Amino acid sequence: NMTEKRFTDDHEWAELDGEVVTVGITDYAQGQLGDIVYVELPDVGRTIDQGEETAVVESVKAAGDVKSPVTGKIVEVNDVLADEPSKVNEDPQGDGWFFKIKASDPSQMADYMDEAAYKTFIG
């Protein structure tokens, strides 16, 4: 099953697998934030609109919102981050994912950059 990460200009990544999109923040974003001390995750079952603030990430320097790249329903959250928010620093585009959302319209993923475009975007 081919999955491809897409990237938003708010420095989230999103990976579509079937209808389910896994969402996290990029390596660039965690580097800008510095040491992450707290992550607030959405409730499973919550319905979210594309672009809606869905999770919160706080570091020693700043706090930021993680927006959902698609409209849909939260099907899973990464509970590990409650106890180990530093996972976001260690493996932001892997084990440090935030939430999974079942997309009502997976074609919304076409709104975002591929990896090459994102690398150009962050310069």
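See above for the structure.
Residues numbered from 1 in each chain as written. Predicted model: local features only at pLDDT ≥ 70, side-chain atom pairs only at ≥ 80, totals over all residues. Heavy atoms only, no water.

**Here we look at the overall build of the protein**
Summing up its helical and strand segments, the protein has 4 helices and 9 strands in all. Helices and strands in the protein line up, N terminus first, as β-β-β-α-β-β-β-β-β-α-α-β-α. The globule rule puts the C-alpha radius of gyration for 123 residues at 14 Å, and the 13 Å found for the protein is close to it. With the C-alpha coordinates aligned to their principal axes, the bounding extent of the protein is approximately 35 × 35 × 25 Å. Here the protein, with 123 residues, has 40% of them falling under the buried criterion. Total accessible area computed for the protein in this model is approximately 6400 Å², and 43% of it derives from carbon and sulfur atoms. (Helix = DSSP H or I, 4+ residues; strand = E, 2+ residues; numbered from the N terminus. Rg over C-alpha atoms; globule rule 2.2 N^0.38 Å. Buried < 20%, exposed > 50% of the residue type's maximum accessible area, 1.4 Å probe, protein only. Areas by Shrake-Rupley, 256 points an atom, 1.4 Å probe, with all protein chains shown as cover.)

**Looking at the sheet that holds strand β5 (residues 47-48)**
Read from one edge to the other, the open sheet built from 6 strands follows the order β1-β2-β3-β9-β8-β5, with strand pairing classed as antiparallel. The open sheet has two edge strands, β1 (5-7) and β5, and neither has a second partner. As paired elements, β5 and strand β8 (residues 72-77) share 2 bridges and run antiparallel to each other. Note that in β8 the partner of Thr 47 across the bridge is Lys 73. (Pairing = 2+ DSSP bridges.)

**Concerning the pairing of strand β3 (residues 20-25)**
Most of β3 is tucked away, with 5 of its 6 residues classed as buried. Inspection of the sheet shows strand β2 (residues 12-17) paired to β3 by 6 bridges, in the antiparallel sense. The partner of Glu 15 across the bridge, within β3, is Thr 22. The turn linking β2 back onto β3 is made up of 2 residues, and Gly 18 within it adopts a positive phi angle of 70°. Two elements, β3 and strand β9 (residues 99-103), share 4 bridges in a ladder whose sense is antiparallel. Looking at the pairing, Val 23 lines up with Phe 99 of β9.

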